[in-house]
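If you want the building blocks of each chain, they are given just below.
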Amino acid sequence: MQQRILVLGGAGYIGSHTVYALVESGAQVVVADNLETGHRAALHPEAKFYQGDIRDGAFLDNLFTHEKVEGVIHFAANSLVGESMENPLKYYDNNVGGTRVLLSAMLRHGVKHIVFSSTAATYGEPAQIPILESDPARPTNAYGETKLAMERMFHWTEQAHGLKYASLRYFNASGAHPHGAIGEAHAPETHLVPLILQAALGKRASIQIYGDDYPTRDGTCVRDYIHVCDLADAHILAINYLLAGNPSDIFNLGNGVGFTVKEVLTAAEQVVGHAIPRQTTARRAGDPAQLVASSEKARSILKWDPQRADIHRIIEDAWRWHAAHPDGFAD
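Since the structure is predicted, the reported quantities are computational estimates derived from the model, not experimental observations. (Residues numbered from 1 in each chain as written. Predicted model: local features only at pLDDT ≥ 70, side-chain atom pairs only at ≥ 80, totals over all residues. Heavy atoms only, no water.)

1. Section: the nonpolar core
Piece 1. In terms of nonpolar packing, the biggest core is built from 37 residues, with V7, I14, L22, V29, I73, V115 and L253 touching the most fellow members.
Piece 2. Contributions of two or more residues to this core are made by β1 (4–8), α1 (13–24), β2 (28–33), β6 (164–170), α7 (228–243), β11 (249–253) and α9 (296–302).
Piece 3. Top element by residues in this core is α7. It accounts for 10 residues.
Piece 4. Not counting the four nearest positions on each side in its chain, V115 is found in contact with V72, I73, H74, A166, L168, H235, A238, I239 and L242. (Core = buried A, V, L, I, M, F, W, Y, C linked by side-chain atoms within 4.5 Å. Buried < 20%, exposed > 50% of the residue type's maximum accessible area, 1.4 Å probe, protein only. Helix = DSSP H or I, 4+ residues; strand = E, 2+ residues; numbered from the N terminus. Contact = heavy atoms within 4.5 Å.)

2. Quick look at α1
Piece 1. Helix length check: α1, at 12 residues, gives a terminal C-alpha distance of 17 Å against a target of 16 Å (1.5 Å per residue), a fit within 8%.
Piece 2. Counted residue by residue, α1 has 11 buried out of 12 residues, so it is predominantly covered.
Piece 3. Packing partners of the buried residues in α1 comprise β1, β2, β4 (71–74), β6, β7 (172–174) and α7. (Expected span 1.5 Å × (residues − 1).)

3. Structural notes on the sheet that holds strand β3 (residues 48–51)
Piece 1. A sheet is described by the order of its strands in space; here seven strands give the open sequence β3-β2-β1-β4-β5-β6-β11, paired in parallel fashion. Both edges of this open sheet fall to β3 and β11, since each of them pairs with a single strand only. Across this sheet, the average inter-strand angle for adjacent strands is 20°, counted without regard to direction.
Piece 2. Here three bridges tie β4 to strand β5 (residues 113–119), and the two strands are oriented parallel to one another. For H74, the partnering residue across the bridge sits in β5 and is F116.
Piece 3. Of the strands in this sheet, β1, β4, β5, β6 and β11 touch α7, which is tilted by about 160° from β6. (Pairing = 2+ DSSP bridges. Axes fitted to C-alpha atoms, helices over the stretch in contact; angles between N-to-C directions.)

Coordinates in, geometry out; function isn't part of it.
Set out below in structure tokens:
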């Protein structure tokens, strides 16, 4: 019997790639998305789509009544750090409030398994590198704080009602599906790899390097980049882990290898075949010097084995998408 999985936020960047991977694995997939930041063109043609908001309990009741799903994968959240500091109540309303409405609906309809898209932002300034799941969670922005609040909501809902959850704290999602039909398209764009490739395409004048005086090997920030398709695989492993009766848990998802901003720029220049204009400016407030994950727990327990860790591979797949879709899904 085929699994039937509900993907919330399945028209977004990581959600759409997870939907593609689920369909390729043989699952039946139902997608719900309000299309605030997602794209209808990113939807898999074989996934059943409902347009609506997780803050709408009647919408969720209708969905769960008509779609007998075994588990939920939850990507439906706002995720811009800067915006979360300017408008924290928006993030508490959608991320925390929406998840409360969602969990209430799941319990009403007897759905007890959920994989949650969390973030490295729950850690704040890391206590050590690489970061372990047992390290302190001290967010330094409202986005990370709401994700941590959602994790705690899952924990207490399990204590009271037996909900089983897997929280996946991931690092810098990058790349695109190898077939080139879906990729990363945000407005505004805040992620380094697409910003670099937009500069390579002439869509922006240059790439900004925020600070070159960090205590790193070349003075620029170090981050752990993970291919979006490897992330998608981890979500499938996590929902299967829960459906097999395993206990709730939290997992980091990263490659355990950090690249500086300048190293990513150099790799991108090698992929696109020409120099990419750059400007160095002042540090941004709140940017840690290094964020690198230990994902040994996910590898050991979920049997996750990322296949696309090479930074050139990540950028090559992203470049295939951006070169063919310079205006994102507007193309």
